[in-house]
Amino acid sequence: MSAESAAAPAAAKTDGWEPKIVAFCCNWCSYGGADSAGMGRFQQPASTRIIRVMCSGRIDPLHVFNAFLEGADAVLVTGCHIGDCHYVNGNDKTKIKYKYLENVVHELGIEKERLQLNWISASEGEKFANFIRDVTAQIKKLGPSPLKPEGVA
Amino acid sequence: MKGSVAVVGGGIAGIQAALDLADSGFKTYLIESRPSIGGVMSQLDKTFPTNDCAMCILSPKLVETARHPNIELLSYSDVKSITGKAGDFKVKVIRKARYVDETKCTGCGSCTEKCPSKVADEYNAGMARRKSIYIPFAQAIPRVATIDAAHCIYLTKGKCGMCKKVCGPKAVDYEQKDKEVELNVGSVVLATGFKPFDPSVLKQYRFDHPDVITALQFERLLSASGPTQGHVTKQTDGKVPKNIAFIQCVGSRNPRINRKHCSSVCCMYATKESIIAKEHDPELNITIFHIDIRAYGKNFEEFYNRAQREYGIKYINSRPSEVTVGPNNALSLKYEDFNTGDLVSKNFDMVVLSIGLDPADSTHALAKSSGIALDDFGNIATSIENPVETSVAGIYVCGVAQGPKDIPDTVAQASAAASKAAALLSPERGTLIKERKFPEEKKLSIEPRIGVFVCHCGINIGSVVNVPQVVEYAKTLPGVTYAQEMLYACSSDSQVTIKDAISKNDLNRVVVASCTPRTHEPLFQNTCREAGLNPYLFELANIREHCSWVHSKEKERATEKAKGIVQMAVAKSALFQPLYKQKVDLINKALVLGGGVAGMTAALDIANNGYHVTLVEKEKELGGMLREMTELYDGKKPADVLKELIGKVSGNKNIKIINEAKLIKVEGYLGNFKGTILASGKELPVDFGAAVVATGARNLEPSGLFEYGKDSHVVTQAQLEKMLANSISAKNVTMIQCVGARSKEREYCGRTCCVDAVKNAIRIKKTNSSANVYVLYRDMRTYGVMEKLYGNARELGVVFIKYEPENPPKVQNGSVIVHDVMLNLDIELASDLIVLSTPLVAGENEEINQLFKIPLDKNKFFLEAHPKLRPVDFATDGIFLCGSAQAPKLIEEAISQASAAASRACTILSRKFIETEGAISIVNEAKCIGCGTCVTVCPYNAPSLYDVTVKAEEVTYTTKKSKINAASCKGCGSCAAACPAGAITAQHFSSKEIGEAIDAFQKGVKSISLEKGVVEVTV
Ligand code: FES
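Residues numbered from 1 in each chain as written. Chains lettered and ligands numbered in written order. Predicted model: local features only at pLDDT ≥ 70, side-chain atom pairs only at ≥ 80, totals over all residues. Heavy atoms only, no water.

Draft legend 1. Expanded view of the overall build of chain A. A count of helices and strands for chain A gives 6 helices and 4 strands. Its helices and strands in sequence order give chain A the pattern α-α-β-α-β-α-β-α-β-α, from N to C terminus. Here the contacts in chain A between residues at least 6 apart in sequence split such that 82% fall between residues at least 24 apart. A total accessible area of about 6300 Å² is found for chain A, and carbon and sulfur atoms account for 55% of it. (Helix = DSSP H or I, 4+ residues; strand = E, 2+ residues; numbered from the N terminus. Contact = heavy atoms within 4.5 Å. Areas by Shrake-Rupley, 256 points an atom, 1.4 Å probe, with all protein chains shown as cover.)

Laid out in structure tokens, this is it:
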């Protein structure tokens, strides 16, 4: 609520507008975190769709660009905490790719809030919900992504 | 002889034993008294010393147990008696009336919601209330409701009947009666666990006060699934406490109430709980009152140090005499500070009693009725050499039923017990197990014909999401030929409905929109497979955890989102292709590295399970460190123990011993390793399917410490051990503990040194009662039943003097000067023998770590796959670990671990083939540029480069291409994401499939008008 009122300048443009957020989650941790959010009934905005991959290491920068080009207002890259990856070190590799992604996104002039990385364990339901809530509020403030193709809401 | 085993007790011990046995080809009955399996571990918030979430690591084991075709779960059942003999036991089991038909209940929870009767919730240690019809906790297995007959209004008064009314699948049955069944099994494993000590016996601790709670209750307060969602609050006023005291050893180390044992886990769980509480609320002040802090396990000492250093948790060396309740209900503690000698009274807002582990009542009853011997403490009696064998042949024991221990030791013993039962019954292996039979897969037509099943999940989804609308919407999606709603998609009758729909509508893809794939995907995949569909043609759309449960107040948005989720799942599933797990042959032989007690035991157990073993020892003779010992703490002679063991090993036709040898090369993967052994200058090839690393450790030489090496009166504990083979002349013996351990350069605790010191002190006193023996210690860590030794030593007159690490003893001209903390005095002890207790340090583990690419910890011991639940596994499949190579440990612990490693290895060796992961990555050779990125990225060495000759027009050249070994690929997809040429496809998670899902999301949900059946796109 407070986040919305703080977004007063953009409010007219984005009134009632729900951003579209793509969240990549690894099967073993962050997807489980989203499940735990459900089990704990931690309410969150309906802005996000989860794409499940087995490991965050599977997330190809191309998938992220694809999401932006298709019209996503934000893309979330999530996985297990460092050291906890089910496949030894997939998330270490994610970290490296993410650095690169951040740079490109910066070059493209996309606000940094639109691409976020978070490590969430399978038990961190509340953290997952808070994350979605925070990102949604931030994106609401920013309005639709500049990369959104025409005709996509 | 029967190829089946009854495992009594469904805690983590029973679960592990059952899984190992079932995986090794035995039909296993898992009998649990409570409505759900999981035991005390399911009540824990986190586990020490990693603070892993307990439920997160346990829950997959619960599901695995429930789903295993060879495990029959008898929950809410008690064992009445065990009769018969090894190979042929009769186990009488009472299946208690649940008043709910397990086969019909779907676990939706509607009954619980409506039930008007509330009682204390045992899962929350009485800190919350539950209904009289209940499912103990969210992840309970089996997920079925149970009626608490003592409190149910209908069963006690004949009124109400609410649950029966609201139960959709008609599962409630008030007429149900207890049933007695008899199981005929070849062996029995007892894993009956413990009973938390009831502190109301100790009136001085005022357990009647609401803010005096047990550590188990505190654990529930810390848990997000607990009564306060993880917020620590006082029971009296709901306020946040500022000062919390932990009192250790409540119900342990207390001969007055006949609790002579140390409970082994309380020091660490109190430390863990304190850390978590501090993480929640950094303002909290926590004080732990203790006698000794027993941080003896791997990484425990480090954990204890962190608690003090980083979290500011205070440890006070004292056992408070009483808790007093002052005016305004305020709590205060009276204690004598052992370090200062002061009598202190201090106020606290909350007092946590670190209660000990008592033997379970059921252990007693069962031992009595079945003639199984108990030890002095009421645990099931075993011996050092046979730590899991009970007094009755064919009945084995594991976990706390055998003596207090932590989770990893419990899990190791569970596997050990499984190994013994499996060895006993090995001729019958595979005779009673079921192999699942499936119909042939039908041909996949080109056009997708997708069936969508949308679940109401009782009211869980249906009360928020408009399910019929989602169904209608699904029907409009491209490729969907059929859609329907279901009340409970996971119930057994729904499986029949889905199968019928597949065959009637010739479906070739199935989407179920219900709950999380992490628990339910295998169930539906199985259903698909039974209907002749490849399991990889199935997709779950999670509209419960990710939708109805988290948008419960926004019904319209939730419905729109559910449609969107289904749309994405449908789009993705249209691209699915059948995938197959490959079967690869395996070598049913094992390699054991190290011929000490651990290695020999592992080899013997594997051999007794019927598999060939190559045992490689670097020395001339077998025996390892036990050869250096002269007496075990129970009085037995190690030489006798060794003689027997070596005799068995060398006499076993399944074991090939290679002495003075070492492994120098190894390649391959689970089931198919090829190695080279270097023995007396010759290289020998060795093939094996699984390996056990048991390379031991060595004693630390304390050069430069306490005049060692300079003064001939200064020896190590290991040297004293040897000297004690004959009687020694020394009249004044002083032992110094923690030499080279618990220090800056070596932070860990040596674990065995206190027991060794006490044992040798007793030996000296017994041969010469007039000798003076002093033990200078920091904490006496005679954990578990070893506490008895410590007591014996004191009775015999051994003097224990506590010193502080800041003020260590000094060795000077044949005497030791120590600052006695309790007396606050420097004491000079004239000593004709000074004994330094040094820890075990890692041996030559680096060589093996390089060979197998298995990790070492910071102390160069091997790092197990998981410190709690996979103590003898490596993250790399097919390689196992035991004994001191993992961390210092006592002989019986090394033996348990060795049998455990054998059991784990046998779960592989007993397979007919190795099944690979289905959804693995594949390389498109035409696109591959042979750069080798995939080879670098893969943690499993699955991709490799090979040479190919390419003929293009006039030229022929050789280049490199990558191929992925299906047997080693785990399907994480890292290589596909890294491949610069886009040559690798992570099947089932391909860029195309992911792209379709993203595309479907961005297209948005179309609105459809139901009356006219017209579809219009509003975006
Ligand atoms: S499995 Fe979660 S990041 Fe690799």
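Draft legend 2. Inspection of the confidence of the model for chain B at higher detail. Residue and element names in this part refer to chain B. Taken residue by residue, chain B gives an average pLDDT of 93. The fraction at 70 or more is 98%. Overall, residues 1008-1019 carries pLDDT values under 50, and its contacts beyond four positions in sequence, including any with other chains, amount to 17 contacts. Taken over the whole predicted complex, pTM reads 0.82, whereas the ipTM for its chain interfaces reads 0.91. (pLDDT = per-residue confidence, 0-100.)

Draft legend 3. Seen up close, the packing of aromatic side chains. Residue and element names in this part refer to chain B. One pass over the full model with this rule turns up 18 aromatic pairs over all chains. Seen from their ring centres, Phe218 and Phe246 are 5.5 Å apart, and the 90 degrees between their planes marks the pair as edge-to-face. Here Phe246 lies in strand β16 (residues 243-250) and Phe218 lies in helix α6 (residues 215-222), a separation of 28 residues in the sequence. Here Phe218 falls in the buried class, since its relative accessible area comes to 0%. Both rings, one in Phe289 and one in Phe348, keep their centres 6.0 Å apart while their planes meet at 85 degrees; by these two values the pair is edge-to-face. Taken together, the positions of Phe289 in strand β17 (residues 285-290) and Phe348 in strand β21 (residues 343-348) put the pair 59 residues apart, joining distant regions of the chain. Across the pair, Phe348 and Phe289 agree in class, each one buried. By the ring-pair criterion, three or more aromatic residues cluster together here, those being Phe48, Tyr296, Phe300 and Tyr783. (Phe/Tyr/Trp six-rings, centres within 6.5 Å; stacked < 30°, edge-to-face > 60°. Buried < 20%, exposed > 50% of the residue type's maximum accessible area, 1.4 Å probe, protein only.)

Draft legend 4. Layout of the sheet that holds strand β7 (residues 88-95) of chain B. Residue and element names in this part refer to chain B. Overall, antiparallel pairing links the 3 strands, which are arranged β6-β7-β12 in an open sheet. The open sheet has two edge strands, β6 (77-85) and β12 (179-185), and neither has a second partner. Averaged over all adjacent pairs, the angle separating strand axes in this sheet is 20 degrees, with direction ignored. In terms of strand pairing, β6 meets β7 through 8 bridges, oriented antiparallel. Paired with Gly84 across the bridge in β7 is Phe89. (Pairing = 2+ DSSP bridges. Axes fitted to C-alpha atoms, helices over the stretch in contact; angles between N-to-C directions.)

Draft legend 5. View of helix α15 (residues 555-573) of chain B. In a regular helix each residue adds 1.5 Å, so 19 residues correspond to 27 Å; α15 of chain B covers 27 Å between its end C-alpha atoms and thus fits that length. Burial analysis of α15 of chain B places 15 of its 19 residues in the buried class, the great majority of the element. (Expected span 1.5 Å × (residues − 1).)

Draft legend 6. Molecular detail of the confidence of the model for chain A. Confidence along chain A averages 87 in pLDDT terms, with 90% of residues attaining 70 or more. Long-range and interchain partners of residues 1-14 of chain A, a stretch whose pLDDT sits below 50, account for 8 contacts in this model, where long-range means more than four residues apart.

Draft legend 7. Fine view of the pattern of salt bridges. Residue and element names in this part refer to chain B. If you walk through the whole model with that rule in mind, you get 62 salt bridges over all chains. Note that Lys420 is salt-bridged to Glu389, the shortest N-O span being 4.0 Å. Remark: Glu389 occurs in the loop between α9 (361-370) and β24 (395-397) and Lys420 occurs in helix α10 (residues 407-424); sequence separation between them is 31 residues. Owing to a relative accessible area of 27%, Glu389 belongs among the partly exposed residues under this scheme. Lys970 is the salt-bridge partner of Asp877, the closest N and O atoms lying 3.4 Å from each other. Residue Asp877 is found in the loop between α21 (845-852) and β47 (879-881), and its partner Lys970 is found in the loop between β51 (955-964) and α24 (974-978); the two are separated by 93 residues along the sequence. For Asp877, a relative accessible area of 30% gives the class partly exposed. (Salt bridge = Lys/Arg side-chain N within 4 Å of Asp/Glu carboxyl O.)

Draft legend 8. Up close: a nonpolar patch on the surface. All names here are of chain B. On the surface, Met822, Leu823 and Leu825 cluster together into a nonpolar patch covering about 290 Å² of accessible area. Along the chain, the position of Leu825 falls in strand β44 (residues 825-830). For Leu825, a relative accessible area of 48% gives the class partly exposed. (Patch = residues over 30% accessible without salt bridge, like charges linked within 9 Å, V, L, I, M, F, W, Y side chains within 5 Å.)

Draft legend 9. Looking closely at the side chain of Lys889 of chain B. Residues and elements named next belong to chain B. Within the secondary structure layout, Lys889 lies in the loop between β47 and α22 (891-909). Among buried Asp, Glu, Lys and Arg side chains, Lys889 stands out as unpaired, with Glu893 the closest opposite charge at 6.6 Å. A polar side-chain atom of Lys889 sits 2.7 Å from a polar atom in the side chain of Gln886. Of the polar contacts made by the side chain of Lys889, one reaches the side chain of Gln897; its length is 3.5 Å. With sequence-adjacent residues up to four places away left out, Lys889 is seen in contact with Arg751, Thr752, Gly883, Ser884, Ala894 and Gln897. (Lys, Arg positive; Asp, Glu negative; His and termini not counted. Polar contact = N/O pair within 3.5 Å; in protein donor to acceptor, adjacent residues only side chain to side chain.)

Draft legend 10. Summary view of the packing of helix α1 (residues 12-23) of chain B against α22 of chain B. Residue and element names in this part refer to chain B. For the pair α1 and α22, the least separation of the axes is 8 Å and the interaxial angle reads 35 degrees. In terms of crossing hand, the pair formed by α1 and α22 is left-handed. Along its contact with α1, which presents Gln16, Asp20 and Asp23, the element α22 presents Ser903, Arg904 and Thr907. Of the residues contributing to the contact of α1 with α22, the split by class is no nonpolar, 3 polar and 3 charged. (Left-handed = near helix turned anticlockwise from the far one by under 90°. Nonpolar A, V, L, I, M, F, W, Y, C, P; charged D, E, K, R; others polar.)

Draft legend 11. Summary view of the sheet that holds strand β42 (residues 810-812) of chain B. Residues and elements named next belong to chain B. Pairing is antiparallel across the open sheet formed by 3 strands, whose spatial order is β42-β43-β44. Each edge of the open sheet carries a strand with a single partner, namely β42 and β44. Adjacent strand axes in the sheet meet at a mean angle of 25 degrees when their direction is disregarded. Summarising the sheet, strand β43 (residues 815-820) and β44 pair through 6 bridges and their orientation is antiparallel. From the neighbouring strand, Ser815 faces β44, where its bridge partner is Ala830.

Draft legend 12. Region of the structure containing the interface of chain B and chain A. Each side of the interface is counted separately: chain B has 47 residues, and chain A has 51 residues. Of the roughly 4000 Å² buried at the junction of chain B and chain A (both faces included), carbon and sulfur atoms supply 58%. Of all residues in chain B, the largest losses of buried area upon contact with chain A belong to Arg518, Phe1001 and Gln1002 of chain B, amounting jointly to 17% of the total for that side. The interface formed by chain B and chain A holds 2 salt bridges in total. For Glu521 of chain B, the salt bridge goes to Arg52 of chain A, with nearest N and O atoms at 3.1 Å. Here chain B is connected to chain A by 20 residue pairs in polar contact (both at pLDDT 80 or more). Within the residue set of the side of chain B that touches chain A, elements represented by two or more residues are α13 (517-530), α14 (544-548), α15, α24 and α25 (991-1003) of chain B. No other element matches the 9 residues that α25 of chain B contributes to the side of chain B that touches chain A. (Buried area = accessible area lost by both parts, 1.4 Å probe.)

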